[in-house]
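Structural characterization, general
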Amino acid sequence: AQSVAQPEDQVNVAEGNPLTVKCTYSVSGNPYLFWYVQYPNRGLQFLLKYITGDNLVKGSYGFEAEFNKSQTSFHLKKPSALVSDSALYFCAVRVPLGGATNKLIFGTGTLLAVQP
Amino acid sequence: DGGITQSPKYLFRKEGQNVTLSCEQNLNHDAMYWYRQDPGQGLRLIYYSQIVNDFQKGDIAEGYSVSREKKESFPLTVTSAQKNPTAFYLCASSMQDRVFYEQYFGPGTRLTVT
């Protein structure tokens, strides 16, 4: 079965410290991976994606993610956390449904709390 | 939240009533989606549509219905048959492209049924 796992419900980090939000996946074929962020009572905002190529993907707001095929992981990282980064983060994987049809499978989300 | 609007932001209904959630996009995307979000469960796909006048059931379609009469619009009806309708509902759209596939989300509608 195709799935995405976010093993941590919450990650706490001090402002200015590096942060990592973990994601592992299980898909058949080449994975297309995504990270989204959600602020309270808002929709999801796209951060970055991995399709192919360089394993280190750079995205919005200084975030980056590292694709590791052997570990089937796609961890989200940022060198220096800001209080404003506090939000709910979702990892997702694209699942083809046939032809040009696709859907995204989302992880359960990780709440990032950055303390001042 | 891009070019996707959802209305209303908050919706309250009595049990046994049908309710329709609005979703409109001006991104010229062919594909549109409805998700339900519950605490600790991530997002679950209710229905999706790849083209006007065509839509498919997602993973949790029971108790829901949709229509796609216009490219810009994809309304979701939560029927009285949905056993646990209280949730946060998110609409999304995307290009029909293998590479540029990221979905863009609306701001969501929080439905409370009592």
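Before any of the text, the structure's been laid out above.
Residue positions are given per chain, counting from 1 as you read along its sequence in written order. Chain A is the first chain written and ligand 1 is the first ligand written, with later ones labelled in order. This being a predicted model, a pLDDT of at least 70 is required before a residue's local features are given, and a value of 80 or more before pairs of side-chain atoms are given or counted; all residues contribute to the totals for chains, interfaces and linings. Note: side-chain values were computed over all heavy atoms of the structure, leaving out hydrogens and water.

**Structural notes on the interface of chain A and chain B**
- The contact criterion used is simple: two residues touch if any of their non-hydrogen atoms lie within 4.5 Å. Contacts between the two partners involve 23 residues from chain A and, on the opposite side, 27 residues from chain B.
- Accessible area, probed at 1.4 Å, shrinks when two parts are joined; the buried area is that loss added up over both. Summing the contributions of chain A and of chain B, the shared interface buries around 2100 Å²; its carbon and sulfur component is 52%.
- Put simply, a salt bridge is a Lys or Arg side-chain nitrogen that is within 4 Å of an Asp or Glu carboxyl oxygen. Linking chain A with chain B are two salt bridges.
- With a closest N to O distance of 2.8 Å, Lys49(A) and Glu102(B) form a salt bridge.
- Polar contact criterion, stated in full: a pair of N or O atoms within 3.5 Å, where within protein one must be able to donate a hydrogen and the other to accept it, and residues adjacent in sequence count only if both atoms are side-chain atoms. Put simply, chain A and chain B have seven residue pairs in polar contact (both at pLDDT 80 or more) between them.
- In this description a helix means any DSSP run of H or I spanning at least four residues, a strand means any run of E spanning at least two, and both kinds are numbered starting from the N terminus. For the side of chain A that touches chain B, the secondary-structure elements that each account for two or more residues are β5 (33-38), β6 (44-50), β10 (87-98) and β11 (101-106) of chain A.

**Topic: the environment of Tyr35(B)**
- For Tyr35(B), the position within the fold is in strand β4 (residues 31-37).
- Whether a residue is buried, partly exposed or exposed follows from its accessible area with a 1.4 Å probe, protein chains only, as a fraction of its type maximum: under 20%, in between, or over 50%, in that order. Under the relative-accessibility criterion, Tyr35(B) is labelled buried at 1%.
- Along the primary structure Tyr35(B) and Tyr104(B) are separated by 69 residues, whereas in three dimensions their C-alpha atoms are 12 Å apart.
- When near neighbours in sequence (up to four residues on either side) are disregarded, Tyr35(B) contacts Leu104(A), Phe106(A), Leu43(B), Arg44(B), Leu45(B), Ile46(B), Phe88(B), Tyr89(B), Leu90(B), Ala92(B), Gln103(B) and Phe105(B).

**Quick look at the pattern of salt bridges**
Residue and element names in this part refer to chain A.
- The full count for this structure, using the stated rule, is eight salt bridges over all chains.
- Its salt-bridge partner being Lys78, residue Asp85 comes within 2.8 Å of it at the nearest N-O pair. Each member of the pair, Asp85 as well as Lys78, is classed as buried.

**Let's talk about the sheet that holds strand β3 (residues 19-25) of chain B**
Residues and elements named next belong to chain B.
- Strand order in the open sheet formed by four strands is β1-β3-β8-β7, with antiparallel pairing between adjacent strands. Each having just a single partner strand, β1 (4-7) and β7 (64-66) make up the two edges of the open sheet. Here the average twist between neighbouring strands, direction ignored, is 20°.
- Strand pairing is defined by DSSP finding a minimum of two bridges between the two strands. As paired elements, β7 and strand β8 (residues 76-78) share three bridges and run antiparallel to each other. By the bridge assignment for β8, Ser65 is matched with Thr77. Note on geometry: axes are C-alpha line fits, over the in-contact stretch for helices, and angles between N-to-C directions span 0 to 180 degrees.

**With respect to the nonpolar core**
- In these notes, a set of buried Ala, Val, Leu, Ile, Met, Phe, Trp, Tyr and Cys residues joined through side-chain atoms within 4.5 Å is what counts as a nonpolar core. Among the nonpolar cores identified, the biggest contains 27 residues, and Trp35(A), Leu47(A), Leu48(A), Phe74(A), Leu76(A) and Tyr89(A) are the most heavily contacted of them.
- Those elements giving two or more residues to this core turn out to be β2 (10-14), β3 (19-21), β5, β6, β8 (64-68), β9 (73-78), β10 and β12 (110-115) of chain A.
- Sorting elements by how many residues they give to this core places β10(A) first, with five residues.
- Apart from residues lying up to four places away in sequence, Leu47(A) is in contact with Trp35(A), Tyr36(A), Val37(A), Gly59(A), Ser60(A), Tyr61(A), Phe63(A), Leu76(A) and Tyr89(A).
- With 20 residues, the next largest nonpolar core counts Tyr32(A), Leu43(B), Tyr101(B) and Phe105(B) among its residues.

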